[in-house]
Amino acid sequence: MNKVVSGADEAIRDITDGMTLMLGGFGLCGLPENCIAALVKKGVKQLTCISNNAGVDDFGIGLMLKQRQVKKMISSYVGENAEFERQLLSGELEVELIPQGTLATRCMAAGYGMPAIFTPAGIGTEVAEGKEVRNFNGKDYLMEMAFDADFAIVKAWKGDTMGNLVYRSTARNFNPVMAMAGKITIAEVEELVQPGELDPDHIHTPGIYVHRIFKGVDYEKRIEHATVRSKQ
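Going along each chain's sequence as written, the residues are numbered from 1 onward. Since the coordinates come from a predicted model, pLDDT governs what is reported: local features require at least 70, and pairs of side-chain atoms require 80 or more to be given and counted, while whole-chain, interface and lining totals use all residues. Hydrogens and water molecules were not included; the side-chain quantities draw on all heavy atoms of the structure.

Some thoughts on helix 2 (residues 33-42)
Since the α-helix packs 3.6 residues into each turn, any two residues three or four apart lie on the same face.
Part 1 of the argument: Burial of helix 2 is extensive: seven of the 10 residues sit out of reach of the surface.
Part 2 of the argument: Those residues of helix 2 not exposed but buried are Glu33, Asn34, Cys35, Ile36, Ala38, Leu39 and Val40.
Part 3 of the argument: Here, two residues are considered to be in contact whenever any of their heavy atoms come within 4.5 Å of each other. Under the DSSP-based scheme used, a helix requires at least four consecutive residues in state H or I and a strand at least two consecutive residues in state E, with every element numbered from the N terminus. Where the residues of helix 2 are buried, they touch helix 1 (8-11), strand 1 (20-23), helix 3 (61-66), strand 8 (149-160), strand 10 (182-193) and strand 11 (212-215).
Part 4 of the argument: Looking one or two places after helix 2, you find glycine 43, whose phi comes out positive at around 80°. Buried residues are those whose accessible area, probed at 1.4 Å on protein chains only, stays under 20% of the maximum for their type, while exposed residues exceed 50% and partly exposed ones sit between those limits.

Laid out in structure tokens, this is it:
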């Protein structure tokens, strides 16, 4: 089945106010830049965003925060965004901080059709407040629910018209587990090829998980903190 759409605007056409979105990426690496820009332009609001982090003030999800489009962030790290901090401290933004491994596994559970997972991460901390704890073989585990996202929006290096995806190096990060987990998954790719052009052994996300795909443009691929050797 050909799953190609013309671009980001068409891909996000039925994302509306109040929906829950997963957005792939880690730091500023592997972000679905085109779809984020389209969401900013569309102006949808009251969104719940599930993402490892919230971008920075002028890039990634930070652009959506700046326009007050995000009602709640579910993340594991948010320390590089001053606007995020301001909205959190002022009470404008709901925040749920989750251990990074738990975040990834709750995505994976949604993709696998599992309602919940059990993890020792968070036992004895604020993370465990109000949640069920079970003991297995003498050790306590916290029950965490699988995510329930209306859309998963991911970015890949290559994809074919049937939705099969290949990620590149560290841009792989959260994209594969989120691609499995949305009711509708949108993929933007740097290179879009025909079926059969991708080596089956190199495919990270099978096309069965992807509903819409398009070739992105004008990727900035910003580096969050450039580290180079000092001159000798």
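Considering the nonpolar core
Part 1 of the argument: Of all hydrophobic cores here, the largest spans 29 residues; its most connected members are Ile15, Leu21 and Ile186.
Part 2 of the argument: Residue assignment for this core shows that the elements contributing at least two residues are helix 1, strand 1, helix 2, strand 2 (47-50), helix 3, strand 3 (70-75) and strand 8.
Part 3 of the argument: Per-element tally for this core: the top contributor is helix 2, with five residues.
Part 4 of the argument: Residues within four places of isoleucine 15 in sequence aside, it is in contact with Leu21, Leu39, Lys42, Val44, Phe151, Ile153 and Ile186. For this analysis, a nonpolar core means a set of buried residues of the types Ala, Val, Leu, Ile, Met, Phe, Trp, Tyr and Cys, connected via side-chain atoms within 4.5 Å.

Describing the side chain of threonine 48
Part 1 of the argument: For threonine 48, the location among the structural elements is in strand 2.
Part 2 of the argument: With a relative accessible area of 10%, threonine 48 lands in the buried category.
Part 3 of the argument: Residues in contact with threonine 48, not counting those within four places in the same chain, are Met19, Thr20, Leu21, Lys71, Lys72 and Ile74.

Some details on the packing of aromatic side chains
Part 1 of the argument: Classification of ring pairs rests on two measures: the distance between centres of Phe, Tyr or Trp rings, Trp counted by its six-membered ring, which must be within 6.5 Å, and the angle between planes, read as stacked under 30 degrees, edge-to-face over 60 and tilted in between. Evaluated as defined, the whole model comprises two aromatic pairs.
Part 2 of the argument: With 5.3 Å between their ring centres and 70° between their planes, phenylalanine 118 and phenylalanine 136 make a pair best called edge-to-face. Of this pair, phenylalanine 118 sits in strand 5 (residues 116-119) while phenylalanine 136 sits in strand 6 (residues 133-136), placing them 18 residues apart in sequence.
Part 3 of the argument: Under the relative-accessibility criterion, phenylalanine 118 is labelled partly exposed at 32%.
Part 4 of the argument: Ring centres 5.7 Å apart and planes at 70° place the aromatic pair phenylalanine 136 and tyrosine 141 in the edge-to-face group.

Here we look at the side chain of glutamate 188
Part 1 of the argument: On the secondary structure map, glutamate 188 appears in strand 10.
Part 2 of the argument: Neither His nor the chain ends is counted toward charge; the positive residues are Lys and Arg and the negative residues Asp and Glu. Here, a salt bridge means any side-chain nitrogen of Lys or Arg that lies within 4 Å of a carboxyl oxygen of Asp or Glu. No salt bridge is formed by the buried glutamate 188, whose closest oppositely charged neighbour, lysine 155, lies at an N-O distance of 6.7 Å.
Part 3 of the argument: Beyond its immediate chain neighbours, meaning those up to four positions away, glutamate 188 contacts Pro32, Glu33, Asn34, Cys35, Val154, Lys155, Ala156, Phe214 and Tyr219.

As for the pattern of salt bridges
Part 1 of the argument: Tallied over the entire structure, the rule returns 13 salt bridges.
Part 2 of the argument: Between glutamate 96 and arginine 106 there is a salt bridge, and its shortest N-O distance comes to 3.5 Å. Of this pair, glutamate 96 sits in strand 4 (residues 94-97) while arginine 106 is found in helix 5 (residues 100-112), placing the two residues 10 residues apart along the sequence.
Part 3 of the argument: Look at arginine 106 and you get buried, because its relative accessible area is 8%.

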